[in-house]
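Tertiary structure, described
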Amino acid sequence: MDEQAAPALSELDQISKLGVIEQTQLLLARLMEGGQEDDDTCLTLDRLTKLLNEDAAASAKAKSICEVLDDVCVDTILGYLDMRQAAAVRGHAILTASAYLKAAGDKGSRALQMFFFDRVKRGTYDDYIVAFCVAAAVFPVAPDATTEMFLSEGFLPSLDPLMRRKWKSRKVETACLEMLNAASMHPECREAIRKYCTDWLEEVVDQNPEELSKAIHAADPDVQVTPGSIAMRRHSQAVQHLAAVILAKLRAVPSATQQATREGGNRIQPAVTSIEELSEKFTTFLLSDPESSRQHSIEGLAYATIQPTVKEQVARNSELLKTLVKVLGDAPARSPLTYGALSIFVNLTRFQPTQSEEEKKMNQLKAYANAAGKLPPPNPLNDSDRVTDRCKRVFEAGVVPVLVTHSRHGSSASLSLIASIIFSLSVNPSLRGQLAQQGAVGLLIMAWSTLSETDTQSKRMAAQALARILISTDPSLVFGGTRARPQNAAIRPLASILQPDPDAETRDLLPAFEAMMALTNLASTDDDTRATIIRLAFTEIEEHIFSSKFMVCRAATELICNLVQCVEGIALYADGTSQASNRLHLLLGLTAVEDEATRRAAGGALASLVAYEEVVRETVKRTTGVENLLSLCSADDEELRHRGAFIVCTMIEHEGEPGTRAREVIRQLGGVQHVKACAQKSRSPEVVELAAGALKVLLQKD
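To keep things clear, this report deals only with the structure shown in the data block.

Procedures and definitions
- Residues numbered from 1 in each chain as written.
- Predicted model: local features only at pLDDT ≥ 70, side-chain atom pairs only at ≥ 80, totals over all residues.
- Heavy atoms only, no water.
- Helix = DSSP H or I, 4+ residues; strand = E, 2+ residues; numbered from the N terminus.
- Buried < 20%, exposed > 50% of the residue type's maximum accessible area, 1.4 Å probe, protein only.
- Contact = heavy atoms within 4.5 Å.
- Areas by Shrake-Rupley, 256 points an atom, 1.4 Å probe, with all protein chains shown as cover.
- Axes fitted to C-alpha atoms, helices over the stretch in contact; angles between N-to-C directions.
- Parallel < 35°, antiparallel > 145°, perpendicular 65-115°, else oblique.
- Salt bridge = Lys/Arg side-chain N within 4 Å of Asp/Glu carboxyl O.
- Core = buried A, V, L, I, M, F, W, Y, C linked by side-chain atoms within 4.5 Å.
- Nonpolar A, V, L, I, M, F, W, Y, C, P; charged D, E, K, R; others polar.
- Phe/Tyr/Trp six-rings, centres within 6.5 Å; stacked < 30°, edge-to-face > 60°.
- Lys NZ or Arg CZ within 6 Å of the ring centre and 35° of its normal.

Helices and strands together make up the secondary structure of the chain, namely 41 helices and 0 strands. Within the span of the chain, comprising 702 residues, buried residues form 50% of the whole. Sequence separation of at least 24 residues holds for 71% of the intrachain contacts in the chain that already meet a minimum separation of 6. When the accessible area of the chain is evaluated, it comes to approximately 33,500 Å², of which 51% is carbon and sulfur surface.

Right, let's talk about the packing of helix H4 (residues 71-79) against helix H6 (residues 106-122) for a bit. Helix-helix packing is described using two parameters, namely the angle between the two axes and the distance between the axes. The geometry of H4 relative to H6 is characterised by a closest axis approach of 10 Å and an angle of 75 degrees between their N-to-C directions. When the axis of H4 is compared with that of H6, the two are roughly perpendicular. Only Ala111, Leu112, Met114, Phe115 and Arg119 of H6 make contact with H4, whose side of the interface consists of Asp71, Val74, Asp75 and Leu78.

All told, the structure shown has 31 salt bridges when counted by the stated rule. Between Arg84 and Asp126 there is a salt bridge, and its shortest N-O distance comes to 2.7 Å. With Arg84 in the loop between H4 and helix H5 (87-104) and Asp126 in helix H7 (residues 125-138), the pair connects residues that are 42 residues apart, well separated along the chain. Since its relative accessible area comes to 45%, Asp126 is described here as partly exposed. Between Glu596 and Arg600 there is a salt bridge whose closest N-O contact spans 3.9 Å. In this pair, Glu596 and Arg600 both sit in helix H35 (residues 596-609), 4 residues apart, roughly one turn of the helix. Linked by salt bridges that have partners in common, Glu312, Arg316, Arg386, Asp389, Arg390 and Arg393 make up one network.

With that settled, consider the nonpolar core. In terms of nonpolar packing, the biggest core is built from 215 residues, with Phe132 and Leu180 touching the most fellow members. For this core, the element with the highest residue contribution is H7, accounting for 10 residues. Ignoring anything within four residues of it in the chain, the contact list for Phe132 reads Phe116, Val120, Phe155, Leu159, Leu162, Val172, Ala175, Cys176 and Met179.

Turning to the packing of H5 against H6, a few remarks are in order. Their axes nearest at 5 Å, the elements H5 and H6 cross at an angle of 130 degrees. Classed by the angle they form, the pair H5 and H6 counts as oblique. Contacts between H5 and H6 pair Tyr100, Leu101 and Ala104 from the former with Asp106, Lys107, Gly108, Ser109, Ala111 and Leu112 from the latter. Taken together, the residues of the contact of H5 with H6 break down into 5 nonpolar, 2 polar and 2 charged.

What follows is about helix H33 (residues 567-574). If you check which residues of H33 are buried, you get Gly569, Ile570, Leu572, Tyr573 and Ala574. Against the buried residues of H33 lie helix H31 (527-543), helix H32 (550-563), helix H34 (578-590), H35 and helix H36 (613-620). Gly576 sits one or two positions beyond H33 and adopts a positive phi of about 80 degrees.

With that out of the way, let us pick up the packing of aromatic side chains. By the definition in use, this model includes 5 aromatic pairs. Seen from their ring centres, Phe116 and Phe155 are 5.2 Å apart, and the 70 degrees between their planes marks the pair as edge-to-face. In this pair, Phe116 sits in helix H6 while Phe155 sits in helix H9 (residues 155-163), placing the two residues 39 residues apart along the sequence. Judged by its relative accessible area of 1%, Phe116 falls in the buried class. A connected cluster of aromatic rings, assembled from ring pairs, spans Phe116, Phe117, Tyr128, Phe132, Phe150 and Phe155. A cation over an aromatic ring shows up here: Lys459 above the ring of Trp448, its NZ or CZ 4.2 Å from the ring centre.

The residue Thr532 is located in helix H31 in this model. If sequence neighbours within four positions are ignored, Thr532 has contacts with Asn488 and Ile491.

If you want it as structure tokens, here you go:
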């Protein structure tokens, strides 16, 4: 610890030995006194925060410490939210203010509003700065109280003359705009800002500093040109950036009035700075001066890229994409800058949700209920092809390695955004191999394990993206070698999406289909993987065999074909139980479905299973099942004939009672003719050899 902070810490330790009220009074006295080092101030604020939190948590208190906090005390605490304080001090002060508002309840809300309006009423630059800084800082922690004072009659209109004063104060303007920026997150406040502040915000954004500077010099060459100074009579560049961010938030989500005007076909609209123009400003700011303007530019683009036209502008600017990737790479973990940059990439890569026919009809019915009687057509810039192109451009900018790095230290919110980006990138099959090479598999497994159980959508996106990547990627390239993450770590996430999304209105089988495809790939590797899949997911896999969607049924059958290559898989069909018998009957039925790929998978599974006597005994008990197997021998597809011939040959070559019974049943059902047809149709020497061997056994007498 810093040696200078040691005396202060010792003094605070002495204070902590006193009663709660006395501690509070002495801590407030230290804060009022001022003149301390920033570290000492932070320590004092932390101790006061702790006392306030304990006071709020106490169920029965003889006397609340909030009773000793008068207006002067509240002024002192809130004064440390001033933008002119050190960033560290402001960070600790907001925790203290939040703790006070929670502990004091309604009294705290009234004290906050009294402080704010008293400062605004005084009307000095210093008072404006403090009042606006407090409102901006407190808005996220006490939105109800702050919204009430923000929407109070006459307040927002009073900002117009303040911002249009002849002589500008950069700090006042910055504090005011920071307040508006925080308030614009609230729908009611956003509408009020749109009503009372849009005109002067437009003026701030549209001001050309170069032209104004030349005009002033022409009139008076002795005027000093200092950025943001009063002498310049102009808004600073930082103020312009912040005003542009606020306008972007207003433009990104049109008001109800603007939406009605658009739908009503009214073509006469006031000239305003469009979201596309704001996007160009943010791009220029970011490319020309990435260090000083990146926070506001990133925040502005995060809102602007909600609009399809801006998405296209940003995605087609390769220099901007690379700059955004660099900004994200340099941004501290768990910072607003990180969240803003991730939000931009989420907006650029997000696909529109797929609608079922039923959902499309419901939307049409809703449209007829409107006065216009129709919904606006979907924007072609949101088409899958355009989004796929944007995803490819984002990938080529090198975003994935940066996402992998951020995922190791990021918050849950950042991890959700990262999962969403990888989910969109994984839609394109051509990118999946490269995603695996750049570490996306480990990222997704970690994200699925880390994200909260309540964040079901993000967990499902992470699992589905993992499934897409593992469908066609060689597992040994992802999990083999010196990699610490075992292959089995991927099974639980994949198994989690075999069941339908409980929050979805309609059942989407695509996640389950892709998960089974990925599990099939994993199940082709080793018995340990197969046994783990059976233990974690076989019940859900088996349910999908009954799906009315033939692709889903095929995926489940192909997975089972790989699973029965291990002892645990064989036992499911050959342990002699009624459940095993039913499973076998179902597998025999799948050899007669219309889809040839499903028939091949079922035949492949049975080719492994008929090596066991118990399976043969159960098979010959079902005449229909044996007929299905014989139909494989005479099928038009060479692979089906191969499976049929192998199964028949294996069954009839068993010794003892199972083999005798199999030969008897197959002869009775015309097996000789089916095997002859197999030999005649086939061109593969291996198939012909199997058929010839089977015929030899069938034509002999037992």
